[in-house]
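The primary structure of each chain is shown beneath.
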Amino acid sequence: MPTDVRLENVTKSYGPQTVLGNLNLDVREGELVALLGASGCGKTTALRIIAGFLTPEEGRVLIGGQDYTYKTPNQRNTSMVFQSYALFPHMSVRENVAFGLKMHKVEKSQIKPMVDEILSAVRLEELGERYPRQLSGGQQQRVALARALVMRPDVLLLDEPLSNLDAKLRHEMRVEIRLLQERYGLTTIFVTHDQEEALTMSDRIMVMNKGVICQSGTPKEVFERPRSRFVADFTAVRNFMRGDFLEDKFVTRSGTEIRAGDSSRAPGTSCLGIRPGKIALNPPDSDAYANVFRGTVKIATFLGDKVEVLAVLPSGEEFILEVPTMAWDESRYEKGKEIVFGWKSEDMLYLTEEDASK
Amino acid sequence: MGQHGRKRSYQDGLPVAPLLVPAALVTSLMFLAPILVFFRFSFYQYVPGKFMEPAWTLENYLEFFTDPYYFHILVRTLRIAFWATLLTLILAFPVASYMARTKGKLKSFFVIALVFPMMLGSVIRGMGWIGLLSEAGLVNKFLLQTGLIQQSLKLIYTENSVIFAIVSIELPLMILTLETVLESIHPDLELAARNLGASAARTFFKVKLPLAVPGILAGTSLIFVQSMNTYSTARMVGGPTIQMMATSIYTEITELSNWPGGAAMAFILLAITLVITYLYSHVLEKKYIQTMHLS
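Presented here is a report on the structure given in the accompanying data block. (Residues numbered from 1 in each chain as written. Chains lettered and ligands numbered in written order. Predicted model: local features only at pLDDT ≥ 70, side-chain atom pairs only at ≥ 80, totals over all residues. Heavy atoms only, no water.)

## Points about the overall build of chain B
Move 1: The helix and strand tally for chain B stands at 13 helices and two strands.
Move 2: Whereas a compact globule of 295 residues would reach a radius of gyration of roughly 19 Å, chain B reaches 24 Å, over 25% beyond that.
Move 3: Its C-alpha atoms give chain B principal-axis dimensions of roughly 70 × 70 × 40 Å.
Move 4: Within the span of chain B, comprising 295 residues, buried residues form 40% of the whole.
Move 5: Sequence-distant contacts, at least 24 apart, represent 67% of the contacts inside chain B between residues at least 6 apart.
Move 6: On chain B, roughly 16,800 Å² of surface is accessible, and the fraction owed to carbon and sulfur atoms is 71%.
Move 7: Between the mean site of the 21 positive side-chain charges and the mean site of the 15 negative ones, chain B shows a separation of 12 Å. (Helix = DSSP H or I, 4+ residues; strand = E, 2+ residues; numbered from the N terminus. Rg over C-alpha atoms; globule rule 2.2 N^0.38 Å. Buried < 20%, exposed > 50% of the residue type's maximum accessible area, 1.4 Å probe, protein only. Contact = heavy atoms within 4.5 Å. Areas by Shrake-Rupley, 256 points an atom, 1.4 Å probe, with all protein chains shown as cover. Lys, Arg positive; Asp, Glu negative; His and termini not counted. Charge placed at Lys NZ, Arg CZ, Asp CG, Glu CD.)

Take a look at the structure:
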């Protein structure tokens, strides 16, 4: 039965290297949480601690309120979908899916209907007798899911489950995984380094860096209000202006003055951020656009429906803009020409340089 | 760019064929020819005192199977080879398992430690066993001096000593053969089995062992064949009492001058070895490897 999962002050190190330093994590029943972070941030280690493949040096693992810290993997009802899928090559699809049920000594007469049901849920009913190596990547992925789901786990653990698929399949599987997760009401922890995956699939995102969670919240919260430069960087903010408040202005290291209110607006801010798509070309002359600059085009890259423009101010400060292709007049804005751009104050992000929760 | 040019010439197939000629010549002259000559000898007539006479007779083969003395040697050879192979497998598996999950310097250390004894010939190692196990050898000396035993133990020139000697010689080869296959088993597979509720023991028997079958097959058939054909180890550690096929072929030819008899035995040994390994790998291969679809 789906249940809640908590990690309390979990510490794990490999030799002298600390991978998880005092990690706290709380996943509610039926919730899909994405652990988002770069490789080496400890997200997979956290997942493996929940599955019981690793034992933390300190802290506790609570599943459904019970302490599972020192239980072996086979004493826990957590189901993991591995990045490598880890399908047993010497077993057919059916045998792979039935493996866990057999290990839990489910009656033979019950195994067949359970396997049938889950295979049809992942649309593999035709392929039950095939062997893993006879399947495509997407089909293998779905076998791995079926094998995990058939256990009706307390917690479903997904370790970068989409990273071995091509882009098109990845999009399909995102939806499919989400639908299955909702259908079975599974508590799910999903490890990924892809912000788009995390944003589109999860109820909550926890951004991890250096073994701790530096921000958590709904995808919308994390995307719209990243607190630190690290989180902003991970959620596709590309313009960062480092500097300090000076009276009622923010002055960047290059000396550019930005109207951002004074330091009481967001204490601790050492960096401002703005998404490329939030910078407008030739902004209207209104109070909403408090910051408007005049710069020159350094390079413009055609990206299909939009053009990515690198613009530079006389001070040397550089900005990346995304301009809809329709609004981009090549002859007028060619390399070296002057452009005017600006952004609304409400779109500006106030960021700390370091992760706050450290 | 130079690589590109070479690649093309490989595809043309021009310079490769001539390079195969020396090896083909050596193989046919030094390997095939003696075998054929010996095969012919095995049908000659053995005339005591007169070396041998050209003939076409099956006498030499019949004698082997009708004389209990020879048949006993064959059974012993099979028995020694069987136990030596089984013991080698059991001892090698845990080491290979561990080694398969090591990396870097530790792995290099293992490989060197395993390859090093292979550089010493089996004669040298056989001599070592004599020094260790003979009546006046180190083991007996130690046990006598510490008072643990009153009389020297018979540790050498027994069937068991031959088995242990073979095991010690073949162990590195078995470990290396198993290790290659065990290394190719993705570590996630064992974790997945544990995750799905399998105990450590069931993970071993349901996942690891079946996946290791190709390595077990390769290793055991290789070592079985080598054990069947053991000569120097049987000679030194088995002594005159523990005759195996290879040693008695040698005796037959050099001491009794019975070339046709020795030749017939050699072909019986060859045939039995071939038949056993063929059946063994075919039966098991059908049962496991084909259904596993390992690529």
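Right, picking up where we left off after that structure.
## Comments concerning the side chain of Arg125 of chain B
Move 1: In this fold, Arg125 of chain B is placed in helix 6 (residues 122-133).
Move 2: Apart from the residues lying within four places of it in its own chain, the contact partners of Arg125 of chain B are Pro117, Met118, Leu120, Ser168 and Ile169 of chain B.

## A few points about the packing of aromatic side chains
The geometry of an aromatic ring pair is captured by the separation of the ring centres together with the interplanar angle, meaning the angle of the planes.
Residue and element names in this part refer to chain B.
Move 1: For the coordinates displayed, the defined rule picks out 26 aromatic pairs over all chains.
Move 2: Their ring planes at 80° and their centres at 6.0 Å tell us that Phe41 and Trp259 sit as a pair that is edge-to-face. Residue Phe41 is found in helix 2 (residues 16-41), and its partner Trp259 is found in helix 13 (residues 259-292); the two are separated by 218 residues along the sequence.
Move 3: Taking 5.5 Å as the distance between ring centres and 40° as the angle between the ring planes, the aromatic pair formed by Phe43 and Tyr61 counts as tilted. A residue pair is termed long-range when its members are at least 10 positions apart, and Phe43 in the loop between helix 2 and strand 1 (45-46) and Tyr61 in helix 3 (residues 59-66) qualify at 18 residues.
Move 4: Owing to a relative accessible area of 16%, Tyr61 belongs among the buried residues under this scheme. (Phe/Tyr/Trp six-rings, centres within 6.5 Å; stacked < 30°, edge-to-face > 60°.)

## Section: the pattern of salt bridges
Move 1: All chains considered together, the criterion is met by 30 salt bridges over all chains.
Move 2: With its nearest N and O atoms 3.0 Å apart, the salt bridge here joins Asp116 of chain A to Arg94 of chain A. Here Asp116 of chain A, found in helix 3 (residues 108-121), pairs with Arg94 of chain A, found in helix 2 (residues 93-103); they are 22 residues apart in sequence, far enough to count as distant.
Move 3: Exposure remark for Asp116 of chain A: the relative accessible area of 30% places this residue in the partly exposed category.
Move 4: For Glu179 of chain B, the salt bridge goes to Lys107 of chain B, with nearest N and O atoms at 3.0 Å. Here the residue Glu179 of chain B occupies a position in helix 8 (residues 159-183), and Lys107 of chain B occupies one in helix 5 (residues 104-119), the gap between them amounting to 72 residues. Taken individually, Glu179 of chain B and Lys107 of chain B each receive the classification buried, so the pair is uniform in this respect.
Move 5: One salt-bridge network, in which partners are shared between bridges, spans Arg6, Glu8, Arg60 and Asp67 of chain A. (Salt bridge = Lys/Arg side-chain N within 4 Å of Asp/Glu carboxyl O.)

The values are spatial; any link to function lies outside them.
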